[in-house]
Amino acid sequence: GEAQQATQLQYNLMAIQITFIVGVIEFAMGLLRLGFLTNFLSHSVILGFTHGSAIIIGLSQVKHVIGIKAGNAKGNNVRFIKN
């Protein structure tokens, strides 16, 4: 309903704002020539972050690919913890 649309609109606005802030930070870091800091991250850390992101994104899209409408499991978790 209307509450869900308002919540989605607020979520979209926050996503745009955080994207803009990150862009400004990255731009400032570029101007300050701070790219050398990435040399301190090991190859394993970068691979782990990249693979983890790919797995999370891929799994979140499976429901759309196979056409399953998943419900919210919030209530089930509460019942499971109480038992």
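Here the structure is a predicted model, which means the values were calculated and not measured.

Q: Could you clarify how one ought to interpret the overall build of the chain in this entry?
A: Broken down by element type, the chain carries 3 helices and 0 strands. Helices and strands appear in the chain in the N-to-C order α-α-α. Residues counted as buried form 0% of the 83 residues belonging to the chain. When the accessible area of the chain is evaluated, it comes to approximately 8,000 Å², of which 68% is carbon and sulfur surface.

Q: Sorry, what's going on with helix α2 (residues 43–66) here?
A: Each turn of an α-helix holds 3.6 residues, which means side chains three or four residues apart point in the same direction. Taking 1.5 Å per residue as the helical rise, α2 with its 24 residues ought to reach 34 Å, and the 34 Å between its terminal C-alpha atoms agrees with that figure. Count one or two residues on from α2 and you reach Gly67, which has phi positive near 75°.

Q: Where do I start with helix α1 (residues 2–31) in this structure?
A: Spanning 30 residues, α1 covers 43 Å between terminal C-alpha atoms, matching the ideal 44 Å at 1.5 Å per step. Just downstream of α1 lies Arg33, where phi reads positive at about 55°.

Q: What am I meant to see in unusual backbone geometry here?
A: For residues besides glycine, phi is generally negative; the peptide bonds are generally trans as well. For Arg33, which is not a glycine, the phi torsion comes out positive at approximately 55°. Considering the arrangement of structural elements, one finds Arg33 in the loop between α1 and α2.

Q: Got a minute to help me understand a nonpolar patch on the surface in this structure?
A: A surface patch of nonpolar side chains, amounting to about 990 Å² of accessible area, comprises Ile18, Phe20, Ile21, Val22, Val24, Ile25, Met29, Phe36, Leu37 and Phe40. Structurally, Val24 is set in helix α1.

Q: How should I be thinking about the environment of Thr38 in this particular structure?
A: Of note, Thr38 is situated in the loop between α1 and α2. Side-chain polar atoms of Thr38 contact the backbone oxygen of Gly35, separated by 2.7 Å.

Q: I would appreciate a short explanation of the confidence of the model for the chain in the present structure.
A: Reading fine detail from the predicted coordinates is not recommended where pLDDT is low. In this model, the chain carries a mean pLDDT of 87, and residues with pLDDT of at least 70 account for 83%. Mean pLDDT across the secondary structure elements of the chain bottoms out at helix α3 (residues 74–82), with 54, and peaks at α1, with 96.

Cut-offs applied
- All residue numbers here refer to positions counted from 1 along the written sequence of the relevant chain.
- Totals for whole chains, interfaces and linings use every residue, but because this is a predicted model, local features are given only for residues with pLDDT of at least 70 and side-chain atom pairs only at 80 or more, for both listing and counting.
- As a convention, hydrogens and water are excluded, and side-chain values are obtained from all of the structure's heavy atoms.
- Secondary structure counts use DSSP, requiring at least four H or I residues in a row for a helix and at least two E residues in a row for a strand, with both numbered from the N terminus.
- For each residue, the accessible area found with a 1.4 Å probe, counting protein chains only, is set against the maximum for its type, and the residue is called buried under 20%, exposed over 50%, and partly exposed in between.
- For the area figures, the Shrake-Rupley method with a 1.4 Å probe applies, and any residue is considered shielded solely by the protein chains shown.
- A helix's residues, less one, multiplied by 1.5 Å, set its expected span.
- Each patch is built from residues lacking any salt bridge and having more than 30% relative accessible area; the joining distance is 9 Å for like charges and 5 Å for nonpolar side chains (Val, Leu, Ile, Met, Phe, Trp, Tyr).
- By definition, a salt bridge exists where a carboxyl oxygen of Asp or Glu is found within 4 Å of a side-chain nitrogen of Lys or Arg.
- Whenever two N or O atoms come within 3.5 Å, that pair is a polar contact, provided that in protein one can donate a hydrogen and the other can accept it, and provided that, for residues adjacent in sequence, both atoms are side-chain atoms.
- The predictor attaches a confidence to each residue, called pLDDT, with possible values from 0 through 100.

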